[in-house]
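Structure assessment
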Amino acid sequence: LQASEGVTMRFFLFLLITISLNAGNEPTQHQRSIFVYAGSVHEIQLNVDGNYVHSAQLYYRTNQADDFKTMKMEKNGFDYSVSIDIPDQNYTKLEYYFVYYDNSGLPKSSPGMNPVMNAYKSNIVKRQQDINFNYEIISPLLNETVDSEDFMVVVSLLDVPPQIDIARTQVMIDGSLISNADISVDYIMYVPQIEYRNGTHNIELNFFDKDGELVNKIEWSAAVQGKPESGIVATAYGRISLNGLNDKNGLSENTRNYTNANANFYGKLSAVDYTARAFISSQDDKLLQPINRFHGRVTYPFARDMFVRAGFGDVSNTFTNQFILNNRNIRGFETALYLGFVNIDFIKGTTKKEIVLNNIALLGNSYERESTAARFSFGHSNSDFELGLSYIKSEDQNFANSITLMNDDPKETLTAGLDLNLRLMDKRITLSAGANASVHQDNIRPDPITYKQLEDQGIDIPESIFDFANSLITIRSIPSIGQALYGSFTMNMFSNYFKVKYEKVTSDFRTEGNPFMLSGYTLLSFYDNVRLVENQLFLNLSYDSYKFNVESDNPNEDNRLTLGVTYYPSNIDYPTVSVKYNSFNQSLTDTTSAALSSTQATNMVNLEVSKDFSLADMMHNAVVNFGTSSKDAGSKDESNLFQLGLQSELNVLPVVTRIQFSSTKSGSELNLEKSSELSFRANYDLKTLLESTITRFDVYAQFNSIKTENTVNTILDNSLTGLEFGTSFTYPFENRTTLNSRLRFRTNSIKPETSSSYTNSVFTYSLEYRF
Amino acid sequence: MKYFLVILLTMSILSAQKAQFIAVVLKAKGEVELNSNGKTINVKRGTKIYNNDIVKTKDKGYLTLRFMDDKSTLRVRKNSIVKINVSKEKSSVSKNIALEVGDIFLSVVKKRGRTRVSTPTSVASVKGTKFQSVFDPNTGDHITYTTEGTVEVDVDGKKVDVEKGTIILAKKDGTFEMFEGSDIGKLGLTPFDEEEDGESDMLEFEYEDENGNKKAVKIKLKDNE
């Protein structure tokens with residue numbers, strides 16, 4: 001019940017800006033942007049105070065109806081960052097959360113509690129200043145497969161308006177800036193002197209106006225297919241990077257320094273494609289979980305969509321069925337055989353976990369979890385039909401020393417699942433369904449039980465079934481069996497995106513998928529997004545019905561309804577306006593006392609206005625957001641939110657400034673929490689000083705002030721003042737060879753209300769050479 | 001002084017008429033030449049084709065080019081000579097592909113203007129999307145085989161619609177014959193296929209079956225360049 005109360009409270013406060021400044025309690029901090037621009041590349045950063053985090057992943061989605069996508073974050077100093085593409089249109093909200101692994105190998109999340117439901121949110125703001133023109137993609141065509149020797153980029157520009165400064169146009173392939181493209185007002189052409197590797201490549205053309213502002217983007221992808229070569233042909237591409245940090249913690253007065261080196265290579269050796277990566281850090285400690293990571297893989301393609309693959313090292317695959325395996329570092333061996341329609345993946349290895357130390361005498365002890373995973377599929381993730389059978393078995397090993405230390409018993413889990421995906425009418429209609437089951441032994445210390453012992457316990461199953469079960473998982477006690485079922489139907493046509501989804505995950509379900517996947521629930525959700533008036537008016541309706549503790553006789557229920565209307569006017573004189581109404585009803589059942597059972601209803605209204613305007617000879621974009629919510633359960637809890645964002649482009653200098661202010665007030669008169677945040681950031685684009693159209697060079701400065709007050713518990717009161725400076729420099733050589741560098745210095749002064757203040761500072765650097 | 005001004009003015013006008021970049025070479029195999037503004041250059045991937053350029057493929061030559069205005073694709077087989085002319089007509093663009101000799105295949109993706117393949121014998125105008133054109137200057141035979149849509153062929157003033165899957169053989173004397181697509185072998189024609197871009201060399205044999213019909217066998221040689 002307490003947990004459900006927590007969920008309720010969190011949802012009630014969902015409008016609170018989760019600045020996530022949990023001073024001293026959590027090792028991570030995240031400062032979210034209250035708004036991001038549609039069609040932009042948005043960098044998300046997870047700041048880590050100290051060396052507490054081994055690896056981090058971002059889970060995000062821009063469509064409430066979709067599942068969260070996952071991306072590995074890149075380590076930069078102690079911090080982690082990743083860049084994501086914000087869709088150009090049709091979406092209004094970015095939701096995301098982080099999953100990271102601490103030194104003991106335990107997964108944690110940010111937000112810390114129930115991150116799926118309490119994900120960070122940023123509003124996606126569409127700007128009306130895009131300058132459109134006609135063009136034709138000549139080569140490669142969208143989703144075309146071309147021979148590697150024929151790969152080149154040609155786009156015909158048909159009526160480029162004079163506002164566009166064509167000389168600033170950037171050509172990017174797979175994120176690398178191309179320095180020697182042939183660019184004119186009629187066409188853009190790049191004929192590579194190198195051979196691009198097999199697989200899909202993303203091509204991006206960025207157009208800028210005379211002020212250097214991005215005003216249009218053409219983006220598409222195509223595949224390259226190699227041909228059998230005669231003789232030995234060797235190619236090598238990749239990147240080498242170095243980054244490091246100097247960190248001073250004012251509270252503990254500790255200073256830390258370290259350096260990381262990272263190398264990624266890929267290319268061709270005759271007809272074989274290879275990839276190799278290594279991450280080496282001065283932080284690696286043999287007594288702890290490994291930080292150094294390495295991986296090598298070779299692939300031999302013998303026909304279109306057909307290949308054989310083998311790899312070793314730290315394998316981190318994700319199966320199409322994410323309920324089974326999702327992006328975990330398994331040190332061992334992988335292999336795959338793809339025959340077009342029939343495909344097999346296999347992974348075997350271990351994840352090493354150090355023992356949480358509470359006894360210095362046992363320093364350095366660790367235990368391993370051995371995992372074997374396989375997937376047998378008909379079709380693959382890009383085909384119209386895909387049927388897959390996935391399996392993973394994980395068993396803790398060498399756990400003799402962990403008896404008292406882990407405060408936890410060694411376990412063995414077997415999870416298997418069947419998934420079906422149909423993608424029809426050019427993927428406009430998709431149908432997904434899956435059924436997974438796990439068998440979990442919560443403690444594998446006891447000896448295996450015999451069939452006779454089972455009979456003595458009064459369990460009557462045929463001996464053949466017992467033997468079969470024992471061949472899959474060693475039976476030492478009655479195992480718990482969990483299930484995860486899901487199904488969804490999506491239709492994206494007639495200017496309408498419609499999705500209906502059902503999920504059921506029992507509380508006993510165990511897997512190596514997302515460690516923060518909810519369990520013990522059922523969900524039925526509907527989502528419909530209709531685009532009207534030539535994509536100017538969006539109507540959004542969603543309804544989620546959750547049941548938690550589904551195994552109990554009286555499960556708790558959450559029902560959420562959202563109605564939204566967003567207007568993106570084609571006339572730039574009008575503002576973009578978005579109005580949303582949320583209704584959240586929850587029934588909490590207390591099995592011990594009917595009096596403690598309750599139902600609660602929360603209603604929320606949110607208004608957002610975004611407008612581009614010119615003032616004092618400068619271009620501005622302003623976003624104002626106001627939200628209010630109230631709960632009708634007699635607690636008189638209310639929550640109010642006000643947010644203001646202003647981005648300004650100076651005319652005299654290539655400087656863009658951004659101010660964000662947010663204020664939240666939440667709770668009742670007896671327990672009121674107030675929080676306010678002000679941040680100011682200025683970016684100075686120095687590339688014009690270098691008289692180069694392709695070199696990137698910018699500096700920035702950022703100021704933050706965050707204040708939190710609580711009327712009841714003053715120990716929670718604190719204020720933070722932060723200052724950050726940084727610079728980044730990109731110098732492209734020929735073709736895709738690029739040198740990137742980045743420096744950043746941040747200082748945070750923290751003043752808790754009930755203790756003395758202190759200052760943390762961190763300096764990070766990174767240098768990267770792409771070739 | 002007067003002559004000097006005339007020369008200067010003429011030069012200015014000529015220089016102002018910047019050659020129009022109309023198509024780009026996606027693939028060139030074997031020996032392929034381009035006659036552009038009186039100069040002959042060897043063609044390779046990325047070579048720009050300007051208005052009124054003439055393309056010549058030699059014995060083992062093969063070429064694929066794509067037009068910049070509407071991404072129509074032209075494929076040219078060995079021993080062919082093609083002159084390409086594009087003219088703007090208001091908002092549309094007209095293309096005239098003069099086939100002097102050889103075997104070409106044209107695939108029109110978006111129909112934004114008139115597209116014609118002309119020979120001294122007949123003119124094929126695109127109504128549909130994909131067709132093959134073969135011209136033999138020795139006999140004057142112009143064969144048009146429509147594989148998608150419809151092509152209107154003008155033979156000595158007579159306009160004939162050649163539907164998908166049919167072939168027209170236009171003769172020098174202004175007469176013509178219609179054939180089914182299945183008769184392609186009888187006419188000594190080898191249809192283009194999508195994978196042909198990947199092969200530069202093909203061996204073709206003709207033989208007679210037990211009924212005395214001539215048939216063609218095409219063997220694709222593995223590219224070993």
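Residues numbered from 1 in each chain as written. Chains lettered and ligands numbered in written order. Predicted model: local features only at pLDDT ≥ 70, side-chain atom pairs only at ≥ 80, totals over all residues. Heavy atoms only, no water.

**Points about the overall build of chain A**
Along the backbone of chain A there are four helices and 45 strands. Within the span of chain A, comprising 771 residues, buried residues form 49% of the whole. Long-range contacts, defined as pairs at least 24 residues apart, comprise 59% of the intrachain contacts of chain A with a sequence gap of at least 6. Carbon and sulfur atoms make up 56% of the accessible area of chain A, which totals about 35,000 Å². (Helix = DSSP H or I, 4+ residues; strand = E, 2+ residues; numbered from the N terminus. Buried < 20%, exposed > 50% of the residue type's maximum accessible area, 1.4 Å probe, protein only. Contact = heavy atoms within 4.5 Å. Areas by Shrake-Rupley, 256 points an atom, 1.4 Å probe, with all protein chains shown as cover.)

**A few points about the overall build of chain B**
Along the backbone of chain B there are one helix and 19 strands. For chain B, with 225 residues in total, the buried portion stands at 46%. Sequence-distant contacts in chain B: of pairs separated by 6 or more residues, those separated by 24 or more amount to 43%. About 12,000 Å² of surface is accessible on chain B, with carbon and sulfur atoms providing 51% of the total.

**Things to note about the interface of chain B and chain A**
In this complex, chain B contributes 21 residues to the contact, which on the side of chain A involves 23 residues. The contact between chain B and chain A buries some 1,700 Å² in all, and 50% of this surface belongs to carbon and sulfur atoms. For chain B, the biggest contributors to the area lost against chain A are Arg45, Arg66 and Met68 of chain B; these three give 36% of the whole. Joining chain B to chain A, the criterion identifies six salt bridges. Among the salt bridges present, the one from Arg66 of chain B reaches Glu144 of chain A, with a minimum N-O distance of 3.9 Å. Connecting chain B to chain A are nine residue pairs in polar contact (both at pLDDT 80 or more). For the side of chain B that touches chain A, the secondary structure elements donating two or more residues are strand 1 (21-29) and strand 6 (62-67) of chain B. The element contributing the most residues to the side of chain B that touches chain A is strand 1 of chain B, with six residues. By residue class, the composition of the side of chain B that touches chain A is six nonpolar, three polar and 12 charged. (Buried area = accessible area lost by both parts, 1.4 Å probe. Salt bridge = Lys/Arg side-chain N within 4 Å of Asp/Glu carboxyl O. Polar contact = N/O pair within 3.5 Å; in protein donor to acceptor, adjacent residues only side chain to side chain. Nonpolar A, V, L, I, M, F, W, Y, C, P; charged D, E, K, R; others polar.)

**Things to note about a nonpolar patch on the surface**
Residues and elements named next belong to chain A. Judged by side-chain polarity, Tyr300, Phe302, Val308, Leu337, Leu339, Ile344, Phe376, Leu389 and Leu418 come together as a nonpolar surface patch covering roughly 730 Å² of accessible area. Secondary structure elements with two or more residues in the nonpolar patch: strand 23 (293-303) and strand 25 (330-339). Tracing the chain through its elements places Leu337 in strand 25. Among the residues examined, Leu337 registers a relative accessible area of 33% and is labelled partly exposed. (Patch = residues over 30% accessible without salt bridge, like charges linked within 9 Å, V, L, I, M, F, W, Y side chains within 5 Å.)

**Considering the nonpolar core**
All names here are of chain B. The biggest cluster of nonpolar side chains holds 34 residues, and the ones touching the most others in it are Ile49, Phe67, Leu74, Ile84 and Leu106. Take this core: its biggest share by element is five residues, from strand 9 (residues 92-107). Apart from the residues within four sequence positions on either side, Leu74 is in contact with Leu63, Thr64, Leu65, Phe67, Val82, Ile84, Ile97, Ile104, Phe105 and Leu106. (Core = buried A, V, L, I, M, F, W, Y, C linked by side-chain atoms within 4.5 Å.)

**Observations regarding the packing of aromatic side chains**
Across all of its chains, the model carries 25 aromatic pairs over all chains by this definition. Members of the aromatic cluster, each reached through a chain of ring pairs, are Phe341, Phe376, Phe378 and Phe385 of chain A. One cation-aromatic arrangement involves Arg77 of chain B over Phe192 of chain B; the distance from NZ or CZ to the ring centre is 3.9 Å. The ring centre of Phe67 of chain B lies 5.2 Å from the NZ or CZ of Lys95 of chain B, which sits over that ring. (Phe/Tyr/Trp six-rings, centres within 6.5 Å; stacked < 30°, edge-to-face > 60°. Lys NZ or Arg CZ within 6 Å of the ring centre and 35° of its normal.)

**Some words on the environment of Ser176 of chain A**
By secondary structure assignment, the location of Ser176 of chain A is in strand 15 (residues 176-178). Looking at Ser176 of chain A, the relative accessible area reads 1%, which means it is buried.

**Observations regarding the sheet that holds strand 15 of chain A**
Residues and elements named next belong to chain A. Strands sit in the order 12-19-18-14-15 across an open sheet of five strands; the sheet is mixed. Sheet topology places strand 12 (145-147) and strand 15 at the edges, where each strand pairs with a single neighbour. Direction aside, neighbouring strands of the sheet carry axes that sit 35° apart on average. With four bridges joining them, strand 14 (residues 170-173) and strand 18 (residues 199-208) adopt antiparallel strand pairing. Directly across from Ile173, in strand 18, lies its bridge partner Ile203. (Pairing = 2+ DSSP bridges. Axes fitted to C-alpha atoms, helices over the stretch in contact; angles between N-to-C directions.)

**What about the sheet that holds strand 17 (residues 187-190) of chain A?**
Ordered in space as 11-13-17-16 (chain A), the four strands form an open sheet in which the pairing is antiparallel. Only two strands of the sheet have a single partner each, and these edge strands are strand 11 (135-139) and strand 16 (182-183) of chain A.

**With respect to the pattern of salt bridges**
All names here are of chain A. For the structure on display, the rule yields 34 salt bridges over all chains. Residue Arg742 pairs with Glu43 through a salt bridge whose shortest N-O separation is 3.1 Å. Residue Arg742 is found in strand 44 (residues 738-752), and its partner Glu43 is found in strand 3 (residues 41-48); the two are separated by 699 residues along the sequence. By sharing partners, the salt bridges in this structure join Glu74, Arg239, Glu768 and Arg770 into a single network.

**A few points about the side chain of Asn343 of chain A**
Residue and element names in this part refer to chain A. Assignment of secondary structure puts Asn343 in strand 26 (residues 342-354). A residue is classified by how much of its surface remains accessible, and Asn343, at 0% relative accessible area, is buried. A polar atom in the side chain of Asn343 sits 3.1 Å from the backbone nitrogen of Leu339. Other than its neighbours up to four places away in sequence, Asn343 contacts Leu337, Tyr338, Arg375, Phe376, Ser377, Gly379 and His380.

**Some thoughts on unusual backbone geometry**
Glycine aside, a negative phi is what most residues show, and trans is what most peptide bonds show. A cis geometry characterises the amide bond from Ser110 of chain A onward to Pro111 of chain A, with omega recorded as 0°. Structurally, the position occupied by Pro111 of chain A is in the loop between strand 9 (107-110) and strand 10 (120-125). That bond from Ser139 of chain A to Pro140 of chain A is cis: its omega, -15°, falls within 30 degrees of zero. By the element assignment, Pro140 of chain A lies in the loop between strand 11 and strand 12. Unlike most non-glycine residues, Asn37 of chain B shows phi in positive territory, near 55°. Looking at the element boundaries, Asn37 of chain B is found in the loop between strand 2 (32-36) and strand 3 (39-42). For Asp156 of chain B, which is not a glycine, the phi torsion comes out positive at approximately 50°.

**Quick look at the environment of Asn651 of chain A**
Along the chain, the position of Asn651 of chain A falls in the loop between strand 39 (638-649) and strand 40 (655-668). In the structure, Asn651 of chain A is positioned 32 residues away from Met619 of chain A in sequence and 8.0 Å away in space, judged by C-alpha atoms.

**Concerning the pairing of strand 12 (residues 130-136) of chain B**
Successive side chains on a regular strand alternate, one facing one side of the sheet and the next facing the other. All names here are of chain B. Here strand 12 lies mainly inside the structure; five of its seven residues are buried. One ladder, built from six bridges, connects strand 9 with strand 12; its direction is antiparallel. Considered in strand 12, the bridge of Asp103 is made with Val134. Strand direction decides the pairing type here: strand 12 and strand 13 (residues 141-148), joined by seven bridges, are antiparallel. The residue bridging Gln132 from the neighbouring strand is Tyr145, located in strand 13. Where strand 12 hands over to strand 13, the hairpin turn is made up of four residues, of which Gly140 adopts a positive phi near 80°.

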